[in-house]
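Notes for the structure review
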Amino acid sequence: MKYCLSLCLLLGAAGLRAQNVFPSTGAVGIGTNTPSSNALLHIHGGNLKLTNPGPYPYGVNIDVTTASGAWAREFSLSAKQTGKLASFGAYGGADTLIYAYIGGNTASDIAYAAPWMVFRPDGNVGIGTMNTYTRLSVDGGVTILSPGGSAIPRPPVSAGTITGEIRGTSPGWYAGDDGFLRLSAGGGTSAGTKSFIDLSGYTANQPDRYENIVMGTAGQERIRIASNGNVGIGTNNPDVKLAVNGDIRAKRVKVTATNWPDYVFHPSYQLPGLMEVADFIHQHQHLPGVPSQTEVQREGSVDVGAMNETLLKKIEELTLYMIELKKENISLANRLRQLETKQR
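Residues numbered from 1 in each chain as written. Predicted model: local features only at pLDDT ≥ 70, side-chain atom pairs only at ≥ 80, totals over all residues. Heavy atoms only, no water.

1. Comments concerning the pairing of strand β11 (residues 213–217)
Across the two faces of β11 the burial differs, with Val214 and Gly216 buried and Ile213, Met215 and Thr217 not buried at all. Here 4 bridges tie strand β10 (residues 195–200) to β11, and the two strands are oriented antiparallel to one another. Its bridge partner lying in β11, leucine 199 is registered against isoleucine 213. Bridging between β11 and strand β12 (residues 220–225) involves 5 bridges; their strand directions are antiparallel. If you follow methionine 215 over to β12, its bridge partner there is isoleucine 223. Connecting β11 to the next strand, β12, in antiparallel fashion are 2 residues, including alanine 218 with a positive phi near 50°. (Buried < 20%, exposed > 50% of the residue type's maximum accessible area, 1.4 Å probe, protein only. Helix = DSSP H or I, 4+ residues; strand = E, 2+ residues; numbered from the N terminus. Pairing = 2+ DSSP bridges.)

2. Overview of the pattern of salt bridges
Where charged atoms from two side chains of opposite charge approach closely, those side chains can pair. Counted under the stated rule, the structure contains 5 salt bridges. Here the salt bridges share partners, and the residues they tie into one network are Asp208, Glu221 and Arg224. (Salt bridge = Lys/Arg side-chain N within 4 Å of Asp/Glu carboxyl O.)

3. A closer look at the packing of aromatic side chains
As enumerated under the stated definition, the model contains 4 aromatic pairs in all. An angle of 5° between the planes, with centres 4.6 Å apart, marks the rings of tyrosine 91 and tyrosine 112 as stacked. A residue pair is termed long-range when its members are at least 10 positions apart, and tyrosine 91 in strand β4 (residues 82–93) and tyrosine 112 in the loop between β5 (96–106) and β6 (117–119) qualify at 21 residues. You can call tyrosine 112 partly exposed: its relative accessible area is 28%. On the numbers, 6.2 Å between centres and 70° between planes, the contact of tyrosine 99 with tyrosine 101 is edge-to-face. With respect to burial, tyrosine 99 and tyrosine 101 carry one shared label: buried. Of the aromatic side chains, those joined through ring pairs into one cluster are Tyr91, Tyr99, Tyr101 and Tyr112. The ring of tyrosine 174 has arginine 167 lying over it, and the distance from NZ or CZ to the ring centre is 4.5 Å. (Phe/Tyr/Trp six-rings, centres within 6.5 Å; stacked < 30°, edge-to-face > 60°. Lys NZ or Arg CZ within 6 Å of the ring centre and 35° of its normal.)

4. So, a nonpolar patch on the surface
Residues Leu48, Leu50, Val60, Ile62, Phe75 and Phe88 make up a contiguous nonpolar surface patch of about 600 Å² in total accessible area. For leucine 50, a relative accessible area of 51% corresponds to the exposed category. (Patch = residues over 30% accessible without salt bridge, like charges linked within 9 Å, V, L, I, M, F, W, Y side chains within 5 Å. Areas by Shrake-Rupley, 256 points an atom, 1.4 Å probe, with all protein chains shown as cover.)

Quick look at the structure:
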């Protein structure tokens, strides 16, 4: 077999200028008459070209025949016959593949023990790790280059996937408009420990995943951004821009006011008489201009901004009533003093 291989290589290298050595034993040299003792075939000063238009084996094939025990076979690059700069190979036992690998930068003769990347027989891939629990397992950070720099505006949302974008799609339909992507942490043995962000792009036939974003902790949904932009905290059906099912605590809340009621102090404002207000209260059991209990229960909520304007209006009207009463009190006090002076 060795002599057949030597003859084929001799014919393929007939055009090389350097001398060729084909000894009966030891290393074969093509392009050199001093082949290295570390290799059975030493090609110097030229390229090796293999052509095979026929059936198996295609290209370059290494056939492994091992009754038992572990083995490693690889294509590699070394420098000065020391270690491995880079390698691509396979590691297994008997006739079974354990993993294929890419590795190097090692003083070892074979790079399989601590490879950069492994490929398992089930199709799982590991980068920086020998443990491949899913299709891709990475031990280390992941950097995705994004388009442009700080001087370039945000790229528009477009069909497909642009540079710097990670997109979830329906299986087997890359060009489809439906997709789902989940980012999560925890939940290895219990879903109740998982925090997650769900990005859903499914159409209306999947209402719970209709173009929305869901964020959760402890395995439960906490915040939802609906397709119309409404945000729900503690509710999965926000019917306003921000719906909160629970208490809100803040140091400051600002509400945009559109009709601040300082017009009450304008001379043209017709301040209702106190007896008119008394008659209205007696008839309707609430202040004029203020929503009744029935109205609030029917609506199920109160507009905080509008209510603050209404309450301020009532305070300003009350202030005017008090000013009128004060004037009346002053007038009565003056008349009383006049009467007391005449009686003396």
